[in-house]
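Chain residues, written in single-letter form:
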Amino acid sequence: MSEHGIRAARPEPVPEQSPAVPPGGSRGRLAAVGVIAIVAVAAVIVAVYGRGGGAVPAAPVTTAAAALKTEAGAAAGPDDAVMTMLREQAAALIRGDEAGWMAPVDPAETDTVAYFRKRFQVLRALHVSQFAYARGTAPVAVGAGDTAFSDVIYAGVCFSRPSCPDIMPEDGIELGAPRIKETFSFRRADGRYLITSVFASPPENSREPMPWQSGDLVVADGKRVTVAAAPAVAGRAKEALEVAEKAAVVADRFAGLFHNPQQRYRVFLADDKQWKRWFNSPMARENAVVGLTVAINDVQSEIMIKMSGNATRAELADTIQHEMGHVVSVGNLNDTGKKLVPDVHEEWLTEGVAEYIGHYPGHAAQSSRRAAVHQLVASSARPRSIEVPSLDWDDPKKINAYYGYGHFAIDCLAATYGEPKTVAFVSAMAREGRSDDEAATSAFGKPFAEVDKTCLAWIGSHA
């Protein structure tokens, strides 16, 4: 699973220088979920609160039919009945039937009731489009006979997608839909089984906890973007939605060029505590990172913003548009859930194109990172290629030079060869895993060495 982020998003100062809203529902009225709601202008903001049970599951997805796949083989007995029940619960979520969703939950278990009610509300607020369950292991009896047992259950989820991969592809490839892993406990009562408890049991290196599965969210819904905020930073949800809607207009333009259309963008606003927890992100542990795009199994991309690193409206707007640049340029690579996506480490390229989209329609020469790039190209350490290696992420000057230099490189390609050919070059390298020379020859009709030489000179005269 890949992730892309913006580091030192704030360049050094230059001297002188539902109920959730159902898909297609009304967006002009206020909807309160739980205990609090924040009024928004031209948007719906819903607060999704509730007591949490144990560790909560996460968000990923699955297409409808694969809900009953198992790793352990065919089910038998009470577990068959339970999986049928869970399949019916998943269908209730998609059709917006809260009563049907809550039907299999034991009403005597108040924490479990609160947990599932909150899950319904937040998933609906985030525009869940597919949801399914799958068994992970053979069930374990915890009571006499068949009256009680526990089972490892995967939940897969997709948001705002026309379709979603199977949770676990039949051929055994360990990709599939975005998913979470939890342990459900059941008891038999009045001729049927009820869910008594759920505990998260994430595999090592998973993306759990997802934002919607661990803690409360305040959700602001716009035309193209859904913003979900941790309560501590919910006061900026409206502001974030406003700048994100503007950024989405630019992102949509490039999504068309990359043939990677987005039905909706999701932006999660994190306080410092949630920033370190959500998505279990290694990059979030780097002090300089203030925004991340996390590609869940490369099926769908989620944007997470560190609000303490984006203190002003302008900073927030820059970071969100940069991250949307990642979503449209390198997101959604695994539409089937079975593709082994190339692990591209050409950050000069992926960050460069995100900067290009993030500042569009502005140019690299107008960026506040220009001063750092100018200093770099005028020094003895001047790069000898546009393919600069990753630098020391703890040094703000170097970070600004690196991101700015990548921006200049993409600017050069677009100015020299045109934007469509530049997008084709980026796609060939970042989305198809082709070499720089193969990509340059295919997109520009020239070997990369010639393209590299041209852009080195161009950057030297423009930075």
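Residues numbered from 1 in each chain as written. Predicted model: local features only at pLDDT ≥ 70, side-chain atom pairs only at ≥ 80, totals over all residues. Heavy atoms only, no water.

### Some points on the overall build of the chain
From N to C terminus, the chain includes 12 helices and 12 strands. The proportion of buried residues among the 463 residues of the chain is 57%. (Helix = DSSP H or I, 4+ residues; strand = E, 2+ residues; numbered from the N terminus. Buried < 20%, exposed > 50% of the residue type's maximum accessible area, 1.4 Å probe, protein only.)

### As for the nonpolar core
As a rule of thumb, nonpolar side chains are buried together in soluble globular proteins. Of all hydrophobic cores here, the largest spans 123 residues; its most connected members are Tyr 133, Met 324 and Phe 425. Counting residues per element, this core draws most heavily on helix H9 (residues 396-417), at 12 residues. With residues up to four places along the chain from it excluded, the contact list for Met 324 reads Val 225, Ala 244, Ala 247, Ala 248, Ala 251, Tyr 265, Val 267 and Ile 303. Core analysis: the next-biggest nonpolar cluster, separate from the first, contains 5 residues, Ala 132, Tyr 154, Ile 167 and Met 168 among them. (Core = buried A, V, L, I, M, F, W, Y, C linked by side-chain atoms within 4.5 Å. Contact = heavy atoms within 4.5 Å.)

### What about the state of the cysteines?
Here is the idea: a disulfide is a covalent bond, and it sits between the sulfur atoms of two cysteines. In this structure the tally under the stated criterion is 2 disulfides. Disulfide partner of Cys 412: Cys 455, at an S-S distance of 2.1 Å. Negative torsions about the S-S bond denote left-handed disulfides, and the value of about -90° found for Cys 412 with Cys 455 makes this one left-handed. In this pair, Cys 412 is assigned in helix H9 and Cys 455 in helix H12 (residues 448-462), connecting sequence segments 43 residues apart. (Disulfide = S-S within 2.5 Å.)

### Notes on the pattern of salt bridges
Applying the stated criterion across every chain, the model contains 16 salt bridges. Across the pair Asp 221 and Arg 264 runs a salt bridge, and its minimum N-O distance is 3.1 Å. On the criterion of sequence distance, the pair formed by Asp 221 in strand E8 (residues 217-221) and Arg 264 in the loop between helix H4 (237-257) and strand E10 (265-270) is long-range, its members being 43 residues apart. What makes Asp 221 buried here is its relative accessible area of 3%. Residue Arg 264 is classed as buried on the basis of its relative accessible area of 7%. (Salt bridge = Lys/Arg side-chain N within 4 Å of Asp/Glu carboxyl O.)

### Some details on the pairing of strand E6 (residues 179-189)
Consecutive side chains of a regular strand alternate in pointing toward one face of the sheet and then the other. Examined bridge by bridge, strand E5 (residues 148-159) and E6 share 9 bridges and lie antiparallel to one another. Following the sheet pairing, Ile 153 is matched in E6 by Glu 182. Examined bridge by bridge, E6 and strand E7 (residues 192-200) share 8 bridges and lie antiparallel to one another. Counterpart to Phe 186 in the pairing with E7 is Ile 195. Where E6 folds back on E7, the antiparallel hairpin that results is connected by 2 residues, among which Asp 190 adopts a positive phi of roughly 55°. (Pairing = 2+ DSSP bridges.)

### Here we look at the packing of aromatic side chains
Under the defined criterion, the tally for this structure stands at 20 aromatic pairs. On the numbers, 5.8 Å between centres and 55° between planes, the contact of Trp 101 with Phe 116 is tilted. Taken together, the residues Trp 101 in helix H2 (residues 98-102) and Phe 116 in helix H3 (residues 110-125) connect sequence positions 15 residues apart. One exposure class covers both Trp 101 and Phe 116, and it is buried. Look at Phe 116 and Phe 184: their rings are 6.1 Å apart centre to centre, the planes differ by 70°, and that puts the pair in the edge-to-face class. Taken as a pair, Phe 116 in helix H3 and Phe 184 in strand E6 lie far apart in primary sequence, 68 residues in all. Take Phe 116: its relative accessible area is 0%, and that puts it in the buried class. Put simply, the rings of Trp 101, Tyr 115, Phe 116, Phe 120, Phe 131, Tyr 133, Phe 149, Phe 184, Phe 186 and Tyr 193 touch in pairs and so form one group of aromatic residues. The ring centre of Phe 254 lies 4.9 Å from the NZ or CZ of Arg 253, which sits over that ring. (Phe/Tyr/Trp six-rings, centres within 6.5 Å; stacked < 30°, edge-to-face > 60°. Lys NZ or Arg CZ within 6 Å of the ring centre and 35° of its normal.)

### Digging into the confidence of the model for the chain
Taken as a whole, the chain shows an average pLDDT of 82; of its residues, 77% reach a score of 70 or greater. Low confidence marks residues 48-76, where pLDDT is under 50. Its contacts with residues over four positions away, or in another chain, come to 119 contacts. (pLDDT = per-residue confidence, 0-100.)

### Regarding empty space enclosed by the protein
Estimates place the volume of the largest cavity at around 40 Å³. Going through the elements one at a time, helix H7 (347-359), H9 and helix H10 (419-431) are the ones with two or more residues in the lining of the largest cavity. Here the residues of the lining of the largest cavity sort into 7 nonpolar, 1 polar and 1 charged. (1 Å grid on protein atoms, 1.4 Å probe; cavity = no way out; pocket = protein on both sides within 12 Å on 5 of 7 lines; lining within 4 Å. Points joined across faces, edges and corners; volume = space filled by probe spheres on them. Nonpolar A, V, L, I, M, F, W, Y, C, P; charged D, E, K, R; others polar.)

### Digging into the side chain of Gln 213
Tracing the backbone shows Gln 213 in the loop between E7 and E8. A distance of 2.7 Å separates a polar atom in the side chain of Gln 213 from the backbone nitrogen of Met 210. (Polar contact = N/O pair within 3.5 Å; in protein donor to acceptor, adjacent residues only side chain to side chain.)

### Here's the deal with the packing of helix H6 (residues 313-330) against H7
Relative to each other, H6 and H7 sit at 125°, their axes nearing to 7 Å. The orientation of H6 with respect to H7, classified from their angle, is oblique. Crossing angle aside, the handedness with which H6 passes H7 is right-handed. Facing H6, whose interface residues are Gln 321, His 322, Gly 325, His 326, Val 328, Ser 329 and Val 330, H7 presents Thr 350, Glu 351, Val 353, Ala 354, Glu 355, Ile 357, Gly 358 and His 359. For the contact of H6 with H7, the class distribution of residues is 5 nonpolar, 8 polar and 2 charged. (Axes fitted to C-alpha atoms, helices over the stretch in contact; angles between N-to-C directions. Parallel < 35°, antiparallel > 145°, perpendicular 65-115°, else oblique. Left-handed = near helix turned anticlockwise from the far one by under 90°.)

### Describing the environment of Ala 237
Checked against the element boundaries, Ala 237 lands in helix H4. C-alpha separation for the pair Ala 237 and Val 218, spaced 19 residues apart in sequence, amounts to 7.7 Å. Apart from the residues within four sequence positions on either side, Ala 237 is in contact with Ala 220, Val 227, Ala 229 and Leu 269.

### Remarks on helix H11 (residues 436-444)
Three- or four-residue spacings in an α-helix give side chains the same orientation, since the helix completes a turn every 3.6 residues. Residues of H11 that are buried: Ala 439, Ala 440, Ala 443 and Phe 444. Along the axis of H11, the buried residues cluster in a sector spanning 95°; they form a single face. The secondary structure elements touched by the buried residues of H11 are H9, H10 and H12. Gly 445 lies just past H11 and shows a positive phi near 75°. (Arc of directions from axis to C-beta.)

### Comments concerning the packing of helix H8 (residues 370-377) against H9
Look at H8 against H9: their axes get within 8 Å of each other, and the N-to-C directions meet at 90°. By the angle between their directions, the pair H8 and H9 is classed as roughly perpendicular. Only Lys 397, Asn 400, Ala 401, Gly 404, Tyr 405 and Phe 408 of H9 make contact with H8, whose side of the interface consists of Arg 370, Ala 372, Val 373, Leu 376 and Val 377.

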